[in-house]
Protein chains: 2
Amino acid sequence: MNLKEAIVNRRSIRKFQNREIDDKIIREIIEYAMYAPSAKDEQPWHFIIIKKRETLNLIEKKHPYAKMLKSAPLAIAVCGELKSENQQRYWMLDCSLAIQNLMLGSYEKGLGSVWVSIYPREERVKLLKDILSLPDDIIPLALIPIGYPNEIKKIPQRFKEEKIHLEKF
Amino acid sequence: MNLKEAIVNRRSIRKFQNREIDDKIIREIIEYAMYAPSAKDEQPWHFIIIKKRETLNLIEKKHPYAKMLKSAPLAIAVCGELKSENQQRYWMLDCSLAIQNLMLGSYEKGLGSVWVSIYPREERVKLLKDILSLPDDIIPLALIPIGYPNEIKKIPQRFKEEKIHLEKF
C-alpha cells in the first residue's frame, strides 16, 4: 500500500468483525512499530498481545472508554521501559511513534485499530499494571484494539492552513 | 512509495545537501502530519517552518545536540496547543504521531529528517518559546530539521522477539 493512502485513509475503528487475525500479520505490524526512531535508539517499547476474552472483557468493564474491546479479537498494550534516564524522559514520545507505525501497518493489512488512552491517567495505568503483571519500571501508554473493521468511515479534510506558521508563531 | 519501504528504510539523517526544498513539498508533508489521529480529534498541533539562517544558527548555538542545523535548509518546530484539559493531558502524544507521519512523508519525498528533542527539557522549551515568540499555551515538543540527505545509512535489524509478550508481561 502507498504511504499517502495509508496516512490519509486510516481512521480510528471501534467496531470489529467476529474474525480472528493471523499471528503472522500481528507480528508483521509489531515489526513496523519497532522500526520507529527513538531517543538514542534505546527502543523503550514492549508489546503485550491480549487475546483472552476474559482479559479484554475485564479491561472493558473497568475502563470508561473501551467499549470497542467487546468486538475486538485482540488488543496490543504498548508499554514503555523506564530504565535509563533517557527512557524516563522520552519513553512516551518514542512509544507514540511506534504506535503510529502500528496503526498504519494495521490499515495496510486491512485491519482497523484505535488508540485507547491509558497514560497519564493514574487509575488506568494501575489497572493495566495489575492485569498485565507489569514490573515497576514498565508503564502502559495505550491499548490498541485491532480487528477487521465492521464500520466504514468517511475521510475528513484535516489540512488546516492556520496551523502552519512561518519563522515565528 | 510503499508504506513498508518508508517505515523500514527511513533513518535519522543529520547531514544535508546545500539544496533548497520546494514549498509545495513542505506543505505536503505537513499535511501528512495533520492526518494523524488525536485525542478527541482536537488536533493540538502547530507547525512553525524555520528557514532563516540566523534563526537556525541561533538554535544550533544554544541547543547541545543540534549541530545538524548547520547544513539543514530548514527545520519544522512542532508545537502543542494546551487549551483544553484533554490537550493538556495528551498533546505530546498526539504531536508525536503527527511527527512520525511528517518523517515518513519526508522520506517519501527523498528528504532526510531527524527528531531534535525539546520537551520536556525546560531550558530547551524556554529557548524555543523565546526564539519563536510562542504564547504561553503553545509548547514546543521537537524540532525536525529537514533536507536532501548528504549521508547514506544502513538499514538496521530492529525486530526483537523479546519485546513481544503474550497475555502478560
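As shown above, the structure is provided for reference.
Residues numbered from 1 in each chain as written. Chains lettered and ligands numbered in written order. Predicted model: local features only at pLDDT ≥ 70, side-chain atom pairs only at ≥ 80, totals over all residues. Heavy atoms only, no water.

Trainee: I keep staring at helix H5 (residues 122-131) of chain A and nothing clicks. Help me out?
Mentor: Every α-helix winds through 3.6 residues per turn, so residues three or four apart in the chain are directed the same way. Listed in full, the buried residues belonging to H5(A) are A:Arg124, A:Val125, A:Leu127, A:Leu128, A:Lys129 and A:Ile131. Those residues of H5(A) hidden inside the fold are in contact with helix H3 (53-62), strand S2 (74-81), strand S4 (116-117) and strand S5 (138-147) of chain A together with helix H4 (85-108) of chain B. Looking one or two residues beyond H5(A), the residue adopting positive phi is A:Ser133, at roughly 55°. (Buried < 20%, exposed > 50% of the residue type's maximum accessible area, 1.4 Å probe, protein only. Helix = DSSP H or I, 4+ residues; strand = E, 2+ residues; numbered from the N terminus. Contact = heavy atoms within 4.5 Å.)

Trainee: For this particular structure, what's the right way to read the interface of chain B and chain A?
Mentor: Many authors give the size of an interface as the accessible area that is lost as the parts come together. Contacts between the two partners involve 69 residues from chain B, matched on the other side by 69 residues from chain A. Both sides of the chain B and chain A interface together cover about 6,500 Å² of buried area, and 58% of this is carbon and sulfur. One can count 4 salt bridges joining chain B with chain A. One salt bridge in this structure joins A:Glu161 and B:Arg27, with 2.4 Å as the shortest N-O distance. Where the side of chain B that touches chain A is concerned, the elements lending two or more residues are helix H1 (3-9), helix H2 (23-34), strand S1 (45-50), H4, helix H5 (122-131), strand S5 (138-147) and strand S6 (164-166) of chain B. (Buried area = accessible area lost by both parts, 1.4 Å probe. Salt bridge = Lys/Arg side-chain N within 4 Å of Asp/Glu carboxyl O.)

Trainee: Can you walk me through the relation of the copies chain B and chain A in this structure?
Mentor: Applying a rotation about an axis and a shift along it to one chain copy brings it onto the other copy. For the pair chain B and chain A, the superposition axis carries a translation of 0.0 Å, the fit reaches an RMSD of 0.0 Å, and the rotation angle comes to 180°. Such values leave the two copies arranged in the relation of a two-fold axis. (Least-squares fit on C-alpha atoms with pLDDT ≥ 70 in both.)

Trainee: What is the right way to look at the state of the cysteines in this model?
Mentor: Covalent bonding between the sulfur atoms of two cysteines is what defines a disulfide. Scanning all chains against the criterion turns up 0 disulfides over all chains. The thiol of A:Cys79 is not disulfide-bonded; the next cysteine sulfur, from A:Cys95, is found 7.9 Å away. (Disulfide = S-S within 2.5 Å.)

Trainee: So what exactly am I meant to see when it comes to the packing of helix H2 (residues 23-34) of chain A against helix H4 (residues 85-108) of chain A here?
Mentor: Residue and element names in this part refer to chain A. Running from N to C, H2 and H4 cross one another at 145°; their axes reach a closest spacing of 7 Å. Here H2 runs over H4; the crossing is right-handed. Judged by residue contacts, Ile29, Ile30, Tyr32 and Ala33 of H2 engage Ala98, Asn101, Leu102, Gly105, Ser106 and Glu108 from H4. Its residues assigned to classes, the contact of H2 with H4 shows 6 nonpolar, 3 polar and 1 charged. (Axes fitted to C-alpha atoms, helices over the stretch in contact; angles between N-to-C directions. Left-handed = near helix turned anticlockwise from the far one by under 90°. Nonpolar A, V, L, I, M, F, W, Y, C, P; charged D, E, K, R; others polar.)

Trainee: So what exactly am I meant to see when it comes to the side chain of A:Asp94 here?
Mentor: Note on placement: A:Asp94 falls in helix H4. No salt bridge is formed by the buried A:Asp94; its nearest oppositely charged neighbour, B:Lys163, is found at 9.9 Å. Of the polar contacts made by the side chain of A:Asp94, one reaches the backbone nitrogen of A:Ala39; its length is 3.2 Å. Apart from residues lying up to four places away in sequence, A:Asp94 is in contact with A:Pro37, A:Ser38, A:Ala39, A:Pro44 and A:Trp45. (Lys, Arg positive; Asp, Glu negative; His and termini not counted. Polar contact = N/O pair within 3.5 Å; in protein donor to acceptor, adjacent residues only side chain to side chain.)

Trainee: Looking at this model, I keep getting lost on the packing of helix H3 (residues 53-62) of chain B against H5(B). Mind explaining?
Mentor: A pair of packed helices is captured by two measures, namely the crossing angle of their axes and the spacing between those axes. Residues and elements named next belong to chain B. Packing of H3 against H5 brings their axes to within 11 Å, and their N-to-C directions diverge by 160°. In terms of orientation, H3 lies roughly antiparallel with respect to H5. Handedness of the H3/H5 crossing: right-handed. On H5, the residues that touch Thr55, Leu58, Ile59 and Lys62 of H3 are Leu127, Leu128 and Ile131. (Parallel < 35°, antiparallel > 145°, perpendicular 65-115°, else oblique.)

Trainee: Explanation requested: the pairing of S5(B) in the structure shown.
Mentor: Each regular strand displays side chains that alternate between the two surfaces of the sheet. Residues and elements named next belong to chain B. A large share of S5 lies buried, amounting to 10 of its 10 residues. Relative to S5, strand S2 (residues 74-81) runs antiparallel, the two sharing 8 bridges. When the sheet's bridge partners are listed, Gly80 is paired in S5 with Ile139. Pairing between strand S3 (residues 112-113) and S5: 2 bridges, direction antiparallel. (Pairing = 2+ DSSP bridges.)

Trainee: Explanation requested: the environment of A:Leu74 in the structure shown.
Mentor: Residue and element names in this part refer to chain A. Secondary-structure assignment places Leu74 in strand S2. Taking the C-alpha atoms as reference points, Leu74 and Ala33, 41 residues apart in sequence, are found 17 Å from one another. The contact partners of Leu74, leaving out residues within four places of it in the chain, are Ile21, Ile26, Ile50, Lys51, Leu56, Ile144, Pro145 and Ile146.

Trainee: Can you help me understand unusual backbone geometry in this one?
Mentor: Backbone phi values are negative for most residues with the exception of glycine, while trans is the configuration of most peptide bonds. Backbone torsion omega between A:Tyr119 and A:Pro120 reads 5°, so that peptide bond is classified as cis. Tracing the sequence through the fold places A:Pro120 in the loop between S4 and H5. Even without a glycine there, the phi angle at A:Lys40 is positive, about 55°. Secondary-structure assignment places A:Lys40 in the loop between H2 and strand S1 (45-50). One non-glycine residue, B:Ser133, lies in positive phi territory at about 55°. Relative to the elements of secondary structure, B:Ser133 occurs in the loop between H5 and S5. Its relative accessible area of 38% is what places B:Ser133 among the partly exposed residues.

Trainee: Help me understand the pattern of salt bridges in this model?
Mentor: Pairs may arise between side chains of opposite charge once their charged atoms sit close together. On inspection of all chains with the given rule, the structure shows 19 salt bridges over all chains. Two residues, A:Arg158 and B:Asp41, come together in a salt bridge whose shortest N-O distance is 3.5 Å. Here the residue A:Arg158 occupies a position in the loop between S5 and strand S6 (164-166), and B:Asp41 occupies one in the loop between H2 and S1, the pair thus bridging two chains. Look at B:Asp41 and you get partly exposed, because its relative accessible area is 40%. Sharing partners across several salt bridges, the network here consists of A:Glu28, A:Glu108 and A:Lys109.

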